[in-house]
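Report on the structure
One-letter residues, chain by chain:
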Amino acid sequence: TYDKTVLYAVYDLSEVLDGFNSIHEPRHAVGVELGNGWWNPLPLLFWGGLNLRDALVTQQGRVSSEPMFMMRVVARMADGSTKTLIDTSSPSDWRSSGSPTISNNIYLGEQYDARLEADFDGWSQVGFNDSSWAPPVVANSSGVGTLVAQSVPPIRRQGEIRAQLVSTTKHPENTTLLLDLGHNLAGACRFAARGSQGDVVYMRYGELLSDTGALNPLTAVAGQIKGPNPKAPCQPAFAYQADQLTLSGHPSGDTWTPEWSWHGFRYLEVTLPLTAELIEDVVCYPMRTDMDIVANFTSSDPFLQDLRSLARHTYDSNLMSVQSDCPARERFGYGGDPLGCAEAGLSVYDFSSFYAKRVRDFNDAQRVDQGKLSGFTETAPFVGISSSPLGPPGTGPIGWEAYQPEAQLWLYKYYGDTQTMIDSFNATYAYIQLLDESPPGISHGLGDWCAAAPTAVEFTGLGFQYMSYLAFANITDILGQPDMARLYREKAQHVSMQLNNNFLNTATGAYNAAASPSGDNVTQCGQGMALFLGMAPEGLRDKVLDVMVANAHAAENMSGACQGESFPDICPNMTGGPGPHMTAGLFAIKWFLLSLGDGGMNDLAYEALSNPSFPSPKFMMSNPFSNATTFWESWSFSDSRYSHNHPMFSSTEVWLLQSVAGIQPHPAAKGMDHVLIKPSPPSALESASASYATPRGVIAVEWVRGSGSTFNLTVSVPPNVRATVHVPCLLHRCSTVREGDESGERGEGREGVRGGRVVPLSETLAWYVVEVGSGLYSWSS
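In short, a report on the structure. Predicted, not measured: the structure shown is a model, and the values here were computed from it. (Residues numbered from 1 in each chain as written. Predicted model: local features only at pLDDT ≥ 70, side-chain atom pairs only at ≥ 80, totals over all residues. Heavy atoms only, no water.)

Counting secondary structure elements, the protein contains 15 helices and 37 strands. Taking 781 residues into account, the globule formula puts the C-alpha radius of gyration at 28 Å, and the protein, at 28 Å, falls close to it. If one aligns the C-alpha atoms of the protein with their principal axes, the spans along those axes are about 85 × 75 × 65 Å. Across the protein, every contact between residues at least 6 apart in sequence was considered, and the portion connecting residues at least 24 apart equals 69%. (Helix = DSSP H or I, 4+ residues; strand = E, 2+ residues; numbered from the N terminus. Rg over C-alpha atoms; globule rule 2.2 N^0.38 Å. Contact = heavy atoms within 4.5 Å.)

Working definition: the strands of a sheet are paired by backbone hydrogen bonds and lie parallel or antiparallel to each other. Taken in spatial order, the 6 strands make up an open sheet running E21-E30-E31-E32-E37-E34, and their pairing is antiparallel. At either end of the open sheet lies a strand with only one pairing partner, and these are strand E21 (295-299) and strand E34 (738-739). Note: E34 against strand E37 (residues 775-780), 2 bridges, orientation antiparallel. Note that in E37 the partner of arginine 738 across the bridge is serine 780. Most of the contacts of helix H15 (residues 652-661) go to strand E30 (residues 687-694), to which it runs at about 110°, and overall it touches E21, E30 and strand E31 (697-705). (Pairing = 2+ DSSP bridges. Axes fitted to C-alpha atoms, helices over the stretch in contact; angles between N-to-C directions.)

Looking now at the sheet that holds strand E35 (residues 753-760). Read from one edge of the open sheet, 5 strands run E28-E29-E33-E36-E35, paired in mixed fashion. Of all the strands in the sheet, the pair left with one neighbour each is strand E28 (663-665) and E35. Within the sheet, the average angular offset between the axes of one strand and its neighbour, ignoring direction, is 20°. Judged from the 8 bridges that link them, strand E33 (residues 722-730) and strand E36 (residues 765-772) form a sheet pairing that is antiparallel. Opposite alanine 723, over in E36, you have valine 772 as the bridge partner.

This part takes up the environment of glycine 227. Position of glycine 227 relative to the elements: it lies in the loop between strand E15 (215-216) and strand E16 (242-246). Separated by 301 residues in the primary sequence, glycine 227 and glycine 528 have C-alpha atoms spaced 41 Å apart.

Of all 21 residues that make up strand E12 (residues 174-194), 17 are buried, and the element is covered over most of its length. As judged from the 6 bridges shared by strand E11 (residues 164-170) and E12, these two strands associate in the antiparallel manner. Directly across from threonine 169, in E12, lies its bridge partner threonine 176. Here E11 folds back onto E12, and the loop between the two strands holds 3 residues. (Buried < 20%, exposed > 50% of the residue type's maximum accessible area, 1.4 Å probe, protein only.)

Next up on the list: the pattern of salt bridges. Tallied over the full model, the rule gives 21 salt bridges. Residue arginine 162 is joined to glutamate 160 by a salt bridge in which the shortest nitrogen-to-oxygen separation is 4.0 Å. The network of salt bridges with common partners includes Glu160, Arg162 and Asp281. (Salt bridge = Lys/Arg side-chain N within 4 Å of Asp/Glu carboxyl O.)

See below:
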């Protein structure tokens, strides 16, 4: 939100500078190239009407969206003093010109004219003749916000992938090459081509192939702009992701990588004039914000490793300074997506600075109503989308606003961050006060987005209100405001009672929460939300879980497995199959899976995830249409409408780390100072292991099934961390659980084991629970 905050980057130039003799004998030059980015978007009409410039430029009150920059080079001298060597306060020191990049847009791509390179040879070096260049224009920065140092890592390349040729198609005028990167990604590619001067090489990008084997770019078209377009020719009829390289005609060819955009794609189409050719393999660079990877998971089941790859490729594609919904069509920083699947990201990356920034982003974009702060926007930065708003115009739906307080608690639990809570308190409290007014938007949200079996928004609205009240109670408790914490815990309980009175059948444990009542009116979101958030009455939790289990088993042979015009022989009649299925959406996937794990029913979770028929991740990964390498936006296959790279279904990653391996933050954890080790092993697995790097050190868990139905668990706890360990056991054998390896030896450097109690899960299963400090431990049960 540029009218509130503008981030700047700091670089250490000491390795590239070798000193100055004098101002009359410069040994260094500085060159700056500017692109448009989000700062200067085109007035593309998303979905036929949403103009990004309205929200990103006009409504922010900026006078200019022309690319502009500020710069300062400061030297620290040997005596400790500083000297400014270069800055932009003296325009006479600078010259400006165009460049070979003649067009750039983050959605549509770039156009580069290599014929112009000769005019710019050495343009950023000492001695370049810039006499024909113009003086720079002093930018009008009115309406621009406060300069703040960038705290998140920069976007960087994450390796490289060499494209593989799928097909070559020769036409009378040109040749088209179809290339495959092996999996969906977000990034840019390097092209090397040779041809006649003025030859134009065209590139188009897409996630899919059509049923004829040609590129299908439609799921990756910006804003569903698919013609006819009344703004043409100023705007494209089809807003494809594309690049264009005009060749110089040099005998050695031209090599170029786009610098001002990225694309979301797996497949790449390169169209060459008959007089041109590629002279090197196309190499592509996956890109994301460069957070450290902090977790690892392995198991005896190859499917679970494939499931991890599905989630990782998806997340990696959607981390360009914001957690986006998709890397092609929208790229927006919605609040709902991370609320639903943030812990999937926290189960992989160090998000300590990234999520702190995202909270600040939502604070910056917060709406003001009648002179006071109100609700949060659906996206941050605000792009003009305000679906089913909770409050005044511009606010988002309740499930998307609820991200802001929840993210603060994750930052506290995982990293010990209280500063974000302090800095965000007024913004958070304004949102909570909006909830206190009981606006109609509480019951008019978007619900459990993209579920195969939708849940009534009246139900989820109350659930999100409960979630936000409880989060605010915890925040105020942490910040030393016990009276306010007590008040909002009471309000949360009142909302919980209201939800149970409106929806819960106390005789059966069923929440009648279906969006379109039919049959038993039960959804996995309704049952899972009540279980996971703690709204289900204590004496009814087993019944509520049993109803959710029955619902999963009943979700057989569902219709709607395929949407679109491709594959006309099989798509219209494609349905699901037998066996249990997960029908939850964005939010409820985590609630469904982790509630099953907590109830000792991970066999069912595994069966639902690995069921080869719709709806399931396994169906996405292996189907007659296009085998997914990233999570789809919809459980059903789509050849045009829905993205094929959406992280919102990726909470499977939370299940792997927190439930299968069992590494969880304790509900009262601060910076992972207290963790739960609570594995719930599916019967299909023989072994699993995981590690997680916390701010205090690495936590590691490994479990292996032994002979005679024995279970062996090894746990490593770092210093200054307390662990509550749940050892799975057969109920009749829990009393025989012993600590130590097969020889009875115990690990070194241990703080010891305390307690030892049995917590039954069912008539046959239980957990043996102990408290331990730092050290290496092992148990057999």
